[in-house]
Amino acid sequence: MSQDEEKRKAARAAMRYVEPGMVVGVGTGSTVAHFIDALAERRHEIAGAVSSSEWSTNRLKGHGIEVLDLNVAGDLPLYVDGADECDGNRCLIKGGGAALTREKIVAAASKKFVCVIDASKRVDVLGTFPLPIEVIPMARSYVARELVKRGGTPVWRDGVVTDNGNWILDVHRLRIAQPVEMERDLNQIAGVVSVGLFAARRADVVLIGDREMA
Ligand code: 5RP
């Protein structure tokens, strides 16, 4: 099975968590694109979606799905999103698509986080995929120096501006054996908007293709 077919299967499997009348939190990325396409087939059943990026908003609206403001929607029953890496405890690296901050907000506001991935994303220890960190532009080099002190090699994702008007540092050479502690530590660096480690609020369910991770 191709990687894209596995992503499509996972996205379609996530539809079993969608119930009539729900406002559904929607992530960002190529796996979520399949989820949005599947959601569109049941758009008359749901009350709408809360989106984690401008990209997803456009795709949702293009399918005729109403996109609601999180401030109006309140807490959500369900959030469906992909990931760049997933460890055995359902901790994730996210942000390959630079949408990590809004993804983190919607995940935090959701009762159940269903993560949809293909098998290549499943790792024993997080960190082979460079960890994305969204930073306030003026803090870029300060944050980068702090990351070097912690053993990382930050690389500025030059030319990328997030939906929030900020920049991304991709941190290479981290071995993230203790994701909760590292997330907490990195969150404290002045100028960091958010860290692409989803450990404190990790996934509740991980679907690898159509199989649920034990
Ligand atoms: C975007 C993300 C995505 O969920 C992550 O990059 C996975 O993307 P894809 O489904 O295209 O492999 O975190 O910020």
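Throughout what follows, the structure given in this document is the object of discussion. (Residues numbered from 1 in each chain as written. Predicted model: local features only at pLDDT ≥ 70, side-chain atom pairs only at ≥ 80, totals over all residues. Heavy atoms only, no water.)

**Overview of the overall build of the protein**
Looking only at helices and strands, the protein has 7 helices and 13 strands in total. Computed over the C-alpha atoms, the radius of gyration of the protein is 17 Å, within 12% of the 17 Å expected from 2.2 N^0.38 for a compact globule of 214 residues. In the protein, buried positions account for 53% of the 214 residues. Considering only contacts within the protein whose residues lie at least 6 apart along the sequence, 74% involve residues at least 24 apart. For the protein, the accessible area works out to roughly 9600 Å², and carbon and sulfur atoms hold 49% of it. Side chains of the protein carry 28 positive and 29 negative charges; the gap between the two charge centres is 2 Å. (Helix = DSSP H or I, 4+ residues; strand = E, 2+ residues; numbered from the N terminus. Rg over C-alpha atoms; globule rule 2.2 N^0.38 Å. Buried < 20%, exposed > 50% of the residue type's maximum accessible area, 1.4 Å probe, protein only. Contact = heavy atoms within 4.5 Å. Areas by Shrake-Rupley, 256 points an atom, 1.4 Å probe, with all protein chains shown as cover. Lys, Arg positive; Asp, Glu negative; His and termini not counted. Charge placed at Lys NZ, Arg CZ, Asp CG, Glu CD.)

**Concerning the site of the ligand**
In the neighbourhood of the ligand, 17 residues make up the surrounding shell, with Ser30, Thr31, Asp84, Gly95 and Lys121 lying closest. Within the side chain of Ser30, an N or O atom sits 2.5 Å from an oxygen atom of the ligand. Interatomic distance of 3.4 Å between a backbone N/O atom of Gly82 and an oxygen atom of the ligand. Of the residues that constitute the shell around the ligand, the class distribution is 3 nonpolar, 8 polar and 6 charged. (Near = heavy atom within 4 Å. Polar contact = N/O pair within 3.5 Å; in protein donor to acceptor, adjacent residues only side chain to side chain. Nonpolar A, V, L, I, M, F, W, Y, C, P; charged D, E, K, R; others polar.)

**A short note on the packing of helix H1 (residues 3–13) against helix H2 (residues 30–40)**
Contact pair H1 / H2: the axes reach a minimum separation of 8 Å and the direction vectors enclose 45°. Viewed along their axes, H1 and H2 adopt a mutual orientation that is oblique. Considering the relative orientation of H1 and H2, their crossing is right-handed. Here H1 contributes Asp4, Lys7, Arg8, Ala11 and Arg12 to the contact with H2, which in turn contributes Ser30, Thr31, His34, Phe35 and Ala38. A per-class count over the contact of H1 with H2 returns 3 nonpolar, 3 polar and 4 charged. (Axes fitted to C-alpha atoms, helices over the stretch in contact; angles between N-to-C directions. Parallel < 35°, antiparallel > 145°, perpendicular 65-115°, else oblique. Left-handed = near helix turned anticlockwise from the far one by under 90°.)

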